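Coordinate analysis (summary)
Given next are the chains, with one letter for each unit.
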2 protein chains.
Amino acid sequence: MGKRVGEQTVLIENHVGIASSFAVVGPKEGKGPLGQYFDQVLEDPLCGQSSFEMAEHVMFKRACEKCIEKAGLEKGRVQMMLGGDLLNQIMAASLSARDLAIPFLGLYGACSTMTESLLVGAMLCDGGYADPVLCAAGSHFCTAERQYRFPLEYGCQRTPSAQWTVTGAGAHLLMRDGGEVRITMGTCGRVIDFGISDANNMGAAMAPAAADTVWHHLRDTGRSIRDYDQFITGDLGAVGSRLLYDLLGEKGVPLSGEKHTDCGLMVFDKDQDVHAGGSGCGCAATVLSAYVLPKMCTGEWRRVAFMATGALLSTTTSQQGESIPGVAHLVVLERERT
Amino acid sequence: MGKRVGEQTVLIENHVGIASSFAVVGPKEGKGPLGQYFDQVLEDPLCGQSSFEMAEHVMFKRACEKCIEKAGLEKGRVQMMLGGDLLNQIMAASLSARDLAIPFLGLYGACSTMTESLLVGAMLCDGGYADPVLCAAGSHFCTAERQYRFPLEYGCQRTPSAQWTVTGAGAHLLMRDGGEVRITMGTCGRVIDFGISDANNMGAAMAPAAADTVWHHLRDTGRSIRDYDQFITGDLGAVGSRLLYDLLGEKGVPLSGEKHTDCGLMVFDKDQDVHAGGSGCGCAATVLSAYVLPKMCTGEWRRVAFMATGALLSTTTSQQGESIPGVAHLVVLERERT
């Protein structure tokens, strides 16, 4: 069949390209180093709604609508929508799918959702099951804080390893024979648990999964770090990125800051008081649109391994003392030499 | 390409069969009319664990492990696992995927998750991206009650339209050229919202989505109700099933009890005090294994439209007064004449 290589990697043999992308972010993200590159920066994190959850939904929907519009399509042309978010029962994605009336497959991979959706979307598009496919993910600082941690009003002191959930949503439209940047491969991650139970150290919980996926990807494909212009992780942050280098180093894979960047480290400035960096489904989703794809379109990067990482916890499992497993899905983005 | 027909339906052209299935249920389900047909009935709804959430996880994992074992495979042979549950952040599925170490794509479609996973799994298997693929879903009465409604200890009086979440997990292994019963088509549902906001009337919230998916399926394929031996819904219950007939009737599609059964109506006896019937991801997942597939294997049914239905709500959206949209995904199960 030739659609698989090794244990976890699939080949996307047809041209499945990212035909359009759209990123909406909150005011804090707009003030960060990538501020000018996002398609839309909200002035109001409530987005004119009466709750942060509804603001997250409106932001998610806007990213989807504008992404389809940017591709010059009517939304009725989009054959499938794949996505998710961090809200319990992925309500931002579900309500957006309702409003858009596109056949919808809801995904949950915590902060790995953006690449989970690109990976599944690429397979469905490549296989001829849907074209175009809309892939989206989002998160909101204010909903994530109160759902996973503390009420905002509590003004809780954050630990040095804590990350700041990105308020943002990104949507990407996959299309056969469309877009300059193609998805050429994907590696579906396993759920890895190193026993981390500190809900304020997501980087440490996700790094083992990221290392596992990179390692399997390289083993499956017979490639090395040198075969990529860049490895880009979703939201390992400062702590998780260092752990990723250590874990891969132990397996003889020399990844370092020279060939690696993390969306969570790019999205905020150090003086924005975000501690170990940005996080959330919206982090990888918006940085892909604002930073990664533009750098590929200018030819600076030709081949990128893009991998969002998720920490699989709920408040219930945390309160019950369970550890926090992680998962990471990788897609290979390539721009052909022109 | 020939992999799609109409607006929402995909064709599974290769033989993608259900090579093995396994269902674990709780004691109450074991006392119901299908009790003797489940593979395993728990004596203890806590499953020897210290919390109901961990019991749900153990039950989910057991269904997966035993399903793989029943197919005579080692778990390392399974190339992908797709699944989800009703716990916040689908923790039962995520922790099971960790324990099984199979590359994992987490899904969330509320009680539609079983057919969401069979639909995606069938496309990935048909397309050559993964084979075999493990598809699973589960739910637990005690975790769903306390997460979505009231603490169990509160002893809340239930409304006549309320349904009883099935304690159970079902796993199904899809394999190329394996199994007598094949998935030959799938219709990916849209998220439909008729403005129902009563969290104790899930049947009414889901029926419009079920009607929409059936209607699109028939329009996409040019088929009629007569072309199927049975339409089987996941957990519309008594209220939702009547609404489904009404909604389809308005569109000129004559579905009735003669050609329709609902897993939620089959899984419990009337005297088990479950009001409008069973519900939960585990309802469709376990009844498929215990009742639907055996009836197809004996030749009583040759072609079945199997459609789990989900109500997309969270406690937060409910408390904020949002309505409850529904979604339903349909797979066509066929057994060739021998």
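One can find the structure itself at the top, above this paragraph.
Read on for an overview of the structure. The structure presented is a predicted model; accordingly, all values stated were derived computationally and were not measured.

Here chain B sits on chain A after a turn of 180 degrees about the axis and a move of 0.0 Å along it, with an RMSD of 0.0 Å. Viewed as a symmetry operation, the transformation between the two copies matches a two-fold axis. Residue Leu107 of chain B of chain B places its C-alpha closer to the rotation axis than any other residue of that unit, at 2.2 Å. Taken as a fraction of all interface residues of chain B, those also at the interface in chain A reach 100%, which identifies the copy contact as same-surface.

Below, the discussion takes up unusual backbone geometry. All names here are of chain A. Residue Pro132 is reached from Asp131 by a cis peptide bond, and omega for that bond is 0 degrees. In the Ramachandran plot, Ile90 falls in the positive-phi region, its phi being about 35 degrees despite a non-glycine side chain. The residue Ile90 is located in the loop between β5 (80-85) and α3 (91-100) in this model. Among the residues examined, Ile90 registers a relative accessible area of 1% and is labelled buried.

A few words now on the nonpolar core. Membership of the largest hydrophobic core comes to 194 residues, with the highest contact counts inside it found for Leu333 of chain A together with Leu333 of chain B. Once residues within four sequence positions are removed from consideration, Leu333 of chain A is found in contact with Ile18, Val181, Arg182, Ile183, Leu288, Val292, Leu293, Met296, Arg302, Arg303, Val304 and Phe306 of chain A.

Right, let's talk about the packing of aromatic side chains for a bit. Considering all chains together, one arrives at eight aromatic pairs over all chains under this definition. When the ring of Phe150 of chain B is compared with that of Tyr154 of chain B, the centres are 5.3 Å apart and the planes differ by 35 degrees; the resulting orientation is tilted. According to the relative accessible area criterion, Phe150 of chain B is partly exposed, its value standing at 37%. Classification of Tyr154 of chain B as exposed rests on a relative accessible area of 56%. Seen from the ring of Trp215 of chain A, Lys251 of chain A lies directly overhead, with NZ or CZ sitting 4.0 Å from the centre. We note Lys28 of chain B situated over the ring of Phe268 of chain B; from NZ or CZ to the ring centre the distance is 5.9 Å.

Calculation rules
Residues numbered from 1 in each chain as written. Chains lettered and ligands numbered in written order. Predicted model: local features only at pLDDT ≥ 70, side-chain atom pairs only at ≥ 80, totals over all residues. Heavy atoms only, no water. Least-squares fit on C-alpha atoms with pLDDT ≥ 70 in both. Contact = heavy atoms within 4.5 Å. Helix = DSSP H or I, 4+ residues; strand = E, 2+ residues; numbered from the N terminus. Buried < 20%, exposed > 50% of the residue type's maximum accessible area, 1.4 Å probe, protein only. Core = buried A, V, L, I, M, F, W, Y, C linked by side-chain atoms within 4.5 Å. Phe/Tyr/Trp six-rings, centres within 6.5 Å; stacked < 30°, edge-to-face > 60°. Lys NZ or Arg CZ within 6 Å of the ring centre and 35° of its normal.

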